[in-house]
Amino acid sequence: MSRPNILFLLIDCLRADAVLGQDRGAHTPTLDRLVRSGVACTQAIASASSTTPCVASLLTGTYSFVHGLRSIFGLKLNPNIPSLVESFREHGYYTAAEVSGPLFPETNLDRGFNTYNFREGAAYLSTPWGTDFRQRLQNEVFRQPWFLFLHLWELHHHRHILPAFRSRNFGRNRYERALSSLDAELARFLAILPDNTLVVIHGDHGEHVVKTDLQYRLYRLIRDLAGRKTLKREGHEMDVSEDLVRVPLVFSMLGDGKDGQDEKDAQASLSLPTGKRISQLGRQIDALPTALDLVGIPVPSQIHAQSLKPALLDDTQLGLEAYVEAFLRIRSDQRDQRVGWRTSEWKYVYAPHNPHLPAELYHLPDDPSEQRNLATQHPEVAQLLQRRIEDLQHGPLAATPGLLMTEAEKAEVEKRLTELGYM
């Protein structure tokens, strides 16, 4: 069987409920079709709440205390940690990345890619960059089979919304309308891809969203009057709440179920269940090992991650639990750090370097919005989950200090982050 192409579609700020929730306001026929034709993990947990650490965990299958990228500024990927992209390349894939936002080449996230094209934040699928990108794909500039890591920025603040989607018909707020707008562009993009392509839909992290336009205007007015130090209610990098760490993870084959697919194409296609939803916990770090496993490439053993393939294909219960982390600010110190542990039932969060902040414990089946802190009522659960965090941090994969950028690299990255509105 020839291996399929792989499109890893990473949509910045994409919340799980925006794709898989019941109360969705966005108009997303393209994403809905991919969900119906594939397998969706409804409880996929991101490793952090900011882009660069999440992508580093995604590409390496390890958590931030191992790969070294714990924030979006000043640090590089640990040179001793292999990238899973290298496994695709070693097994015949042409590996390409099209990235934006804070995924600068200075981070060393380009490791393992034959081509790593960084673009400015205003380059969207609907802009000339998107037209040029589609033309490059149609001209087959990537040798097949290819692994394409496509990072899209349309949902990130300030949200990119085409004029035709700037009405309440396409969402209750700017976030939902931006997703509706992006979905239409995705339809044009996916239409040019070969049928024998595995599409993985994922979000680096979620997003806090003010629900209505009126609430958002009031929020912005207060922020403008009181300054940026007032309480932030929309965005990310703020904590490890469910809005920020629950992300969609969908595996779908293009061409599945198409009439007229010839026998050769049908044999080449990877077979996945259709319309299946996996409710057990999965993790962001497991996404690339799963893609490797699905196309028959061995999964490296010296990582935190594992393949979700047994759950996707055979309903195997994997019993996974997830480590989560946030640093809250770009220029942060250790007191800002939040570390957490997520099971299918509990969420535990504490500040390891700030004893003045109380620990948090939530029983998610009864309290999905995390309103009732049960840490004092169930200290035995809190202690158990903290031990699991400490056991992981002191496990076979040793913690490593972050590799610092040079002063010149820091200056260039700071300039770009300022242009993006981070600083």
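Going by the structure above, here's the rest.
Residues numbered from 1 in each chain as written. Predicted model: local features only at pLDDT ≥ 70, side-chain atom pairs only at ≥ 80, totals over all residues. Heavy atoms only, no water.

Trainee: I would appreciate a short explanation of the pattern of salt bridges in the present structure.
Mentor: Side-chain pairs of opposite charge can arise where the charged atoms are in close proximity. Taken as a whole and assessed by the stated rule, the structure comprises 20 salt bridges. With its nearest N and O atoms 2.8 Å apart, the salt bridge here joins Arg-159 to Glu-207. Linking Arg-159 in the loop between strand E6 (146-152) and helix H7 (174-190) with Glu-207 in the loop between strand E7 (197-202) and helix H8 (213-226), this pair joins segments that are 48 residues apart in sequence. Measuring nitrogen to oxygen at the nearest pair gives 3.0 Å for the salt bridge that ties Lys-347 to Glu-242. Of this pair, Lys-347 sits in strand E12 (residues 346-350) while Glu-242 sits in helix H9 (residues 242-245), and the two are 105 residues apart along the sequence. Assessed through its relative accessible area of 0%, Lys-347 is described here as buried. The class for Glu-242 is buried, based on a relative accessible area of 9%. Look at the salt bridges and you will find they share partners, linking Glu-242, Arg-342, Lys-347 and Glu-370 into a network. (Salt bridge = Lys/Arg side-chain N within 4 Å of Asp/Glu carboxyl O. Helix = DSSP H or I, 4+ residues; strand = E, 2+ residues; numbered from the N terminus. Buried < 20%, exposed > 50% of the residue type's maximum accessible area, 1.4 Å probe, protein only.)

Trainee: Where do I start with helix H2 (residues 29-36) in this structure?
Mentor: For an α-helix, 3.6 residues make a turn, and residues three or four places apart therefore share a direction. All buried positions along H2 are accounted for by Thr-30, Leu-31, Asp-32, Leu-34 and Val-35. Buried residues along H2 sit in contact with helix H1 (16-20), strand E2 (38-45), H7, E7, strand E8 (246-253) and strand E9 (276-283). (Contact = heavy atoms within 4.5 Å.)

Trainee: Please clarify how helix H13 (residues 379-393) should be interpreted in this entry.
Mentor: Here H13 spans 21 Å end to end across 15 residues, near enough to the 21 Å set by a 1.5 Å rise per residue. Turning to H13, its buried residues are Val-381, Ala-382, Leu-385, Ile-389, Leu-392 and Gln-393. Burial along H13 is one-sided: seen end-on, the buried residues are contained in an arc of 115 degrees. (Expected span 1.5 Å × (residues − 1). Arc of directions from axis to C-beta.)

Trainee: Even after reading the chapter, I still don't get the sheet that holds strand E13 (residues 360-363), so can you show me in this structure?
Mentor: In a beta sheet, neighbouring strands are held together by backbone hydrogen bonds and run either parallel or antiparallel to one another. Spatial strand order, E10-E11-E12-E13: four strands in an open sheet with antiparallel pairing. Among the strands making up the open sheet, the edge pair consists of strand E10 (322-326) and E13. Each strand of the sheet is rotated relative to its neighbour by a mean of 15 degrees, with strand direction disregarded. Here E12 runs beside E13; their pairing, made up of four bridges, is antiparallel. Each bridged residue has a counterpart across the sheet, and for Tyr-348 the counterpart in E13 is Leu-361. Contacts from H13 reach E10, strand E11 (338-342), E12 and E13, with the element oriented near 70 degrees to E12. (Pairing = 2+ DSSP bridges. Axes fitted to C-alpha atoms, helices over the stretch in contact; angles between N-to-C directions.)

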